[in-house]
Amino acid sequence: MPGPGRRRKNNDYSRYRPLFDELAGLPVGHPGRRRLREQLILAHLPLAEHIAARFTGRGQPRDDLVQVARIGLVKAVDRFEPAQRSDFLSFAVPTVMGEVRRFFRDTGWSMRVPRGLKDLSAQLTKGTRQLAQALGRAPTPSELAGHLGIDVETVREGLLAANAYEASSLDRPTGKGDGTTTVADSMGGLDARIELVDDHETVAPLLRRLPEREQAIVTMRFFDGMSQSQIAARVGVSQMQVSRLLGKILRELREQLAE
């Protein structure tokens with residue numbers, strides 16, 4: 001018997017056809033159904049692994065592809081009806097391949113993209129391949145739109161969605177040679193004062209309600225960084241008065257914020 005990694009010929013699998021007939025003839029709940037089902041699945045595992053191998057190298061781990069292909073094989077065994085089809089392979093191959101393609105469509109995107117855009121992206125990929133072969137170059141969005149019978153804006157939207165299929169690593173170098181910076185190095189960091197935005201937006205309307213002189217004192221103290229003595233000299237009052245005014249202003253602001 002060929003090993004799991006070797007492709008079988010159709011006549012190698014045809015000897016299992018009587019088992020499908022036997023399985024179909026057993027009533028639901030019969031103890032023999034489980035044994036026959038497992039025997040058929042195990043016998044056709046090389047088919048699933050061969051199909052999974054055809055999709056390797058496309059950004060998904062091989063073990064995941066094999067697992068998905070085996071799930072497709074189980075579905076094919078469960079859905080095959082010998083009375084309607086003479087050949088199990090002609091039914092199993094598209095069933096397994098469809099399961100693998102759905103896996104790529106649903107999990108192969110690095111960002112969450114609506115199903116409609118995923119389907120559009122696949123349509124654009126196929127159309128681009130056809131036009132590139134005919135034109136000898138990459139087609140323009142307007143040429144793709146005419147070929148597929150859709151508007152140019154829809155084409156642009158689909159091409160933009162295709163950028164979400166695979167994310168680039170933040171550790172990817174942005175230049176050549178050793179010691180070059182990475183994508184992460186070119187990204188901005190978290191602003192340490194970002195948490196103060198809400199406070200600022202809450203206090204700003206209250207500050208605008210203050211009398212003009214009190215607004216000026218608060219601005220000089222907390223925004224311009226002036227000392228109380230500098231503020232006193234600027235406003236023409238004593239430092240003690242500035243201290244008392246600041247204390248009164250802050251108490252009133254706290255009370256208004258609490259309300």
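Overview of the structure. Being a predicted model, the structure only gives us computed values, none of them experimental.

The next point concerns the overall build of the chain. Each helix and strand counted, the chain has 13 helices and zero strands in total. Listed by position from the N terminus, the elements making up the chain come as α-α-α-α-α-α-α-α-α-α-α-α-α. Burial status across the chain gives 31% buried among its 259 residues. Restricting to contacts in the chain with at least 6 residues of sequence separation, those with at least 24 account for 50%. Taken as a whole, the chain presents about 17,400 Å² of accessible surface, with 51% of it coming from carbon and sulfur.

Let us look at helix α2 (residues 17–25). Given 3.6 residues to a turn, an α-helix orients residues that are three or four positions apart in the same direction. All of the buried residues along α2 are L19, F20 and L23. The arc enclosing the buried residues of α2, seen along the axis, measures out at 100°, which places them on a common side.

So, about the side chain of E214. The residue E214 is located in helix α11 (residues 212–223) in this model. Of note is the side chain of E214, whose polar atom sits 3.0 Å from the side chain of K248.

All right, on to the environment of D151 then. Assignment of secondary structure puts D151 in the loop between α8 (141–148) and α9 (152–162). We classify D151 as partly exposed; its relative accessible area is 43%. Expressed as a C-alpha distance, the spacing of D151 and P141, which sit ten residues apart in the sequence, is 9.2 Å. At a separation of 2.8 Å, a polar atom in the side chain of D151 contacts the main-chain amide nitrogen of T154.

Further remarks concern the nonpolar core. With 33 residues, the main nonpolar core has L40, F55, L65, L73, V77, F88 and V100 as its most contacted residues. Per element, the largest residue contribution to this core is nine residues, and it comes from helix α6 (residues 88–107). If you look at the next biggest cluster of nonpolar residues, it comprises eight residues, including I217, I231, V242 and L246.

Its place among the elements puts H44 in the loop between α3 (31–43) and α4 (45–54). Take H44: its relative accessible area is 1%, and that puts it in the buried class. For the pair H44 and A92, spaced 48 residues apart in sequence, the C-alpha to C-alpha distance is 9.4 Å. Excluding residues that lie within four positions of it along the chain, H44 makes contacts with Y13, Y16, F20, L73 and F88. Within the structure, H44 has its side chain in polar contact with the backbone oxygen of L40 (distance 2.8 Å).

Cut-offs applied
Residues numbered from 1 in each chain as written. Predicted model: local features only at pLDDT ≥ 70, side-chain atom pairs only at ≥ 80, totals over all residues. Heavy atoms only, no water. Helix = DSSP H or I, 4+ residues; strand = E, 2+ residues; numbered from the N terminus. Buried < 20%, exposed > 50% of the residue type's maximum accessible area, 1.4 Å probe, protein only. Contact = heavy atoms within 4.5 Å. Areas by Shrake-Rupley, 256 points an atom, 1.4 Å probe, with all protein chains shown as cover. Arc of directions from axis to C-beta. Polar contact = N/O pair within 3.5 Å; in protein donor to acceptor, adjacent residues only side chain to side chain. Core = buried A, V, L, I, M, F, W, Y, C linked by side-chain atoms within 4.5 Å.

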